[in-house]
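Examining the three-dimensional arrangement
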Amino acid sequence: MPHPDQEPVAQAVFTALADPTRRGILAELAARGPATATDLAARLPISRQAIAKHLDLLSDAGLVRGEPGERRRIRYRLQTGPVAVAQSFLTALARDWDGHLSALRDHLDHNGGNEA
């Protein structure tokens, strides 16, 4: 079973990653490094205002961190910690499911021929 402390972090990550625009922003930051909302708007087919809203949600989920840049512009940097927590959550969940599915398979293998 996933650790209960991981669930809120994993939930925030999954919510953030549910939107294709936010995934695109994260992919852009991963590929090209830190960027401002203006930089990202120039590279992606979305307005600077919409980018800023998505960056706020990504920041709230801990997936990006804003850092002061030149001329008081905020540069956003990808943060991998929350993704690692979500991966750990999924790994624990998969392990639990694998155990249940294995037990069901064993049960069916042992009792399946006796039902006819």
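Residues numbered from 1 in each chain as written. Predicted model: local features only at pLDDT ≥ 70, side-chain atom pairs only at ≥ 80, totals over all residues. Heavy atoms only, no water.

You'll find the protein entered in an unreviewed UniProt entry as DNA-binding transcriptional ArsR family regulator, with Actinomadura luteofluorescens given as the organism.

Regarding the overall build of the protein
Within the protein one finds 5 helices and 2 strands. Traced from its N-terminal end to its C-terminal end, the protein shows the element sequence α-α-α-α-β-β-α. Counting every position in the protein, which comprises 116 residues, the buried fraction comes to 27%. The contacts of the protein with a sequence gap of at least 6 include a subset with a gap of at least 24, amounting to 53%. (Helix = DSSP H or I, 4+ residues; strand = E, 2+ residues; numbered from the N terminus. Buried < 20%, exposed > 50% of the residue type's maximum accessible area, 1.4 Å probe, protein only. Contact = heavy atoms within 4.5 Å.)

Observations concerning the environment of Val 9
Within the fold, Val 9 resides in helix H1 (residues 6-17). The class of Val 9 is partly exposed, set by a relative accessible area of 31%. Sequence separation between Val 9 and Gly 62 is 53 residues; the distance between their C-alpha atoms is 8.4 Å. Setting aside residues no more than four positions away along its own chain, Val 9 makes contact with Pro 82 and Val 85.

Some details on the environment of Val 13
Positionally, Val 13 belongs in helix H1. Relative accessible area serves as the criterion here: at 1%, Val 13 is assigned to the buried category.

Examining the nonpolar core
By size, the foremost hydrophobic cluster in this structure holds 20 residues, and its most contacted members are Ile 25, Leu 40, Ile 51, Leu 55 and Leu 58. Of all the secondary structure elements, the ones that give two or more residues to this core are H1, helix H2 (20-32), helix H3 (37-43), helix H4 (48-60) and helix H5 (81-111). Apart from residues no more than four positions distant in its own chain, Ile 51 is found in contact with Ile 25, Ala 37, Leu 40, Ala 41, Leu 44 and Ile 46. (Core = buried A, V, L, I, M, F, W, Y, C linked by side-chain atoms within 4.5 Å.)

Examining the side chain of Asp 19
By the element assignment, Asp 19 lies in the loop between H1 and H2. For the buried Asp 19, which has no salt bridge, the nearest side chain bearing the opposite charge is Arg 22, at an N-O separation of 4.2 Å. A polar contact of 2.8 Å, which involves the side chain of Asp 19, links it to the backbone nitrogen of Thr 21. (Lys, Arg positive; Asp, Glu negative; His and termini not counted. Salt bridge = Lys/Arg side-chain N within 4 Å of Asp/Glu carboxyl O. Polar contact = N/O pair within 3.5 Å; in protein donor to acceptor, adjacent residues only side chain to side chain.)

A closer look at the side chain of Thr 36
Within the secondary structure, Thr 36 is located in the loop between H2 and H3. Separated by 3.0 Å, the side chain of Thr 36 and the backbone nitrogen of Asp 39 make a polar contact. Reaching out from Thr 36, the side chain makes a polar contact with the side chain of Arg 73 at a distance of 2.9 Å. With near-sequence residues (within four places) excluded, Thr 36 lies in contact with Arg 73, Ile 74 and Arg 75.

Quick notes on the pattern of salt bridges
Applying the stated criterion to the full structure yields 5 salt bridges. We note a salt bridge from Glu 28 to Arg 43, for which the minimum N-O separation is 3.2 Å. With Glu 28 in helix H2 and Arg 43 in helix H3, this pair connects stretches of sequence that are 15 residues apart. Exposure remark for Glu 28: the relative accessible area of 14% places this residue in the buried category. Here Arg 65 makes a salt bridge to Glu 67, at a shortest N to O gap of 2.6 Å. Within the structure, one salt-bridge network assembled from shared partners comprises Glu 28, Arg 32 and Arg 43.

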